[in-house]
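Residues per chain are reported as follows:
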Amino acid sequence: LEADVPLSAVTAVTTSYVARRQGLAQRLTAASVARDAAAGSMVSALGVFDQGFYNKLGYGTGVYEHWYSLDPSHLRVPKTARPPRRLSKDDWEAMHRARLGRLRGHGSCVIDAAVATRAEMLWATNGFGLGYHDGSGGALSHYVWFSTKGGENGPLNAWWMAYETTDQFLELMAAIASLGDQIHLVKMREPAGIQVQDLLDQPFRRNRISEKSEYESRTRSAAYMQMRICDLAGCLQATHLDGRPVRFNLELSDPIDGLLDPGPDWRGVAGSYVVELGPESSAVPGAEVDLPTLHAGVGAFTRLWLGVRPATGLAVTDQLSGPAELLATLDRTLRL
């Protein structure tokens, strides 16, 4: 919600072809998580090459990302775009500052290091940006960063946007719409809190007409990010929810301990806790005989805490179980 907690991000894991299947990447990642957790990180996050591998370290799958492939000429935006300025890879510092100051919502992350933005920009083939300098002293305020492997008609891939207000978001969408006389397809990730379909003229007709073409308009969804709690007490102390508090025993499992070499002070968050969720939340080691008990893996509990899926859904597909009444109460309490 409105509170920030310290996050560590595993941004890349690389194993040589001759060093496969020896558990090196798994143990190195586990050691990195333990190091950062001991230094104060409450949550760890990473992107997956596929689902399943990082679950062995306690990570749980995040929310779906919706990718729209759309014809910009079919955008209907209630705003006119001013001529934007062109941005290049040399503008990485200004672009990073704009990312730090962007409009954020629940679940958003800020990577402090500017080189992370620069690295993402360098990954983009033929990368360029379009933006506006409406900030203090002419600072970059909102922009979109593209890559393209196509010709003069696209497609363009909008890797990310940064904006401080929803009006600035609409201006960026209007700038994308202005490309529609020449660019036939733009691929973009749907921003949090926005339903891009609202801005499209006859989206289903366009999908049918363009099906199986080079410029096919469509939507796809997948969850590429995974997260895990590294400091249960700290994460819940920062959690403030509306409604009546709910208290329960939590039996939490965490597989990362078995992947750590002897020595680190931090060895995961497995244990027995009394948890309260509400306007003031907490996790205290122990158990109370008169409370219902929730059994969960740390990845599943992280998903519950972030609001990725409700308790009743996680009980079907993930490592989470408890009395039906408790699960229903958690569904009402954690409406994120």
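Preceding this paragraph is the structure being described.
Model, not experiment: these values are computed from the prediction.

Draft legend 1. Region of the structure containing the sheet that holds strand β13 (residues 271-277). Across the sheet, five strands lie side by side as β14-β13-β12-β15-β16; this open sheet has mixed pairing. Whereas interior strands pair on both sides, the edge strands pair on one side only; in this sheet they are β14 (282-285) and β16 (320-321). Sheet topology note: the strand β12 (residues 246-253)/β13 ladder contains seven bridges and is antiparallel. By the bridge assignment for β13, E251 is matched with S272. Packed on one face of the sheet, helix α7 (residues 298-306) meets β12, β15 (293-297) and β16 and runs near 110° to β15. Those strands touched by helix α9 (residues 324-333) are β12, β13, β15 and β16, and its axis lies near 105° from that of β12.

Draft legend 2. Local environment of the pairing of strand β4 (residues 65-70). Counting buried residues along β4, five of its six residues qualify, which places the element largely inside the surrounding structure. In the sheet, β4 pairs with strand β10 (residues 218-222) via five bridges, with the strands oriented antiparallel. Counted as the bridge partner of E65 is A222 from β10. Both β4 and strand β9 (residues 186-189) contribute to a ladder of four bridges, which runs antiparallel. Paired with Y68 across the two strands is M188, which belongs to β9.

Draft legend 3. Structural detail: the pattern of salt bridges. Taken as a whole and assessed by the stated rule, the structure comprises 12 salt bridges. For D134, the salt bridge is made with R82, and the minimal N-O distance between the two is 2.6 Å. Of this pair, D134 sits in the loop between β6 (128-132) and β7 (142-151) while R82 sits in the loop between β4 and β5 (85-87), and the two are 52 residues apart along the sequence. A salt bridge links D257 to R267; the nearest nitrogen and oxygen atoms lie 2.5 Å apart. A residue pair is termed long-range when its members are at least 10 positions apart, and D257 in the loop between β12 and β13 and R267 in the loop between β12 and β13 qualify at 10 residues. With a relative accessible area of 30%, R267 lands in the partly exposed category. Salt bridges linked by common partners bring R82, D134 and E171 together as one network.

Draft legend 4. The arrangement of the layout of surface pockets in detail. Quantified by volume, the second largest pocket comes out at close to 270 Å³. Considering each element in turn, the lining of the second largest pocket owes the most residues, three residues, to helix α8 (residues 311-317). Taken together, the residues of the lining of the second largest pocket break down into five nonpolar, six polar and three charged.

Draft legend 5. Highlighting the pairing of strand β1 (residues 7-10). The alternating pattern of β1 places S8 and V10 on a buried face, while none of L7 and A9, on the opposite face, is buried. Direction of pairing for β1 relative to strand β2 (residues 43-47): parallel, over a ladder of four bridges. Bridge pairing in β2 places L7 opposite V43. With respect to chirality, the unit in which β1 leads through helix α1 (residues 24-38) into the neighbouring parallel β2 is right-handed.

Draft legend 6. Highlighting the packing of aromatic side chains. Throughout the structure, instances matching the rule amount to six aromatic pairs. Relative to F53, the ring of F49 has its centre 5.6 Å away and its plane inclined at 50°; by these criteria the two rings are tilted. A relative accessible area of 63% means that F49 is categorised as exposed. Classification of F53 as partly exposed rests on a relative accessible area of 23%. Measuring from ring centre to ring centre gives 5.3 Å for Y163 and F169, while their planes differ by 45°; the resulting arrangement is tilted. Using a relative accessible area of 10% as the deciding quantity, one classes Y163 as buried. Residue class for F169 comes out buried when judged on its relative accessible area of 3%. Three or more aromatic residues joined by ring pairs form one cluster here, namely F49, F53, Y54 and Y59. Positioned above the aromatic ring of W160, the side-chain terminus of R99 is 4.2 Å from the ring centre. The lysine or arginine in question, R118, covers the ring of W92, its NZ or CZ lying 5.2 Å from the ring centre.

Basis of the calculations
Residues numbered from 1 in each chain as written. Predicted model: local features only at pLDDT ≥ 70, side-chain atom pairs only at ≥ 80, totals over all residues. Heavy atoms only, no water. Pairing = 2+ DSSP bridges. Helix = DSSP H or I, 4+ residues; strand = E, 2+ residues; numbered from the N terminus. Contact = heavy atoms within 4.5 Å. Axes fitted to C-alpha atoms, helices over the stretch in contact; angles between N-to-C directions. Buried < 20%, exposed > 50% of the residue type's maximum accessible area, 1.4 Å probe, protein only. Salt bridge = Lys/Arg side-chain N within 4 Å of Asp/Glu carboxyl O. 1 Å grid on protein atoms, 1.4 Å probe; cavity = no way out; pocket = protein on both sides within 12 Å on 5 of 7 lines; lining within 4 Å. Points joined across faces, edges and corners; volume = space filled by probe spheres on them. Nonpolar A, V, L, I, M, F, W, Y, C, P; charged D, E, K, R; others polar. Right-handed = clockwise from strand over helix to strand, strands pointing away. Phe/Tyr/Trp six-rings, centres within 6.5 Å; stacked < 30°, edge-to-face > 60°. Lys NZ or Arg CZ within 6 Å of the ring centre and 35° of its normal.

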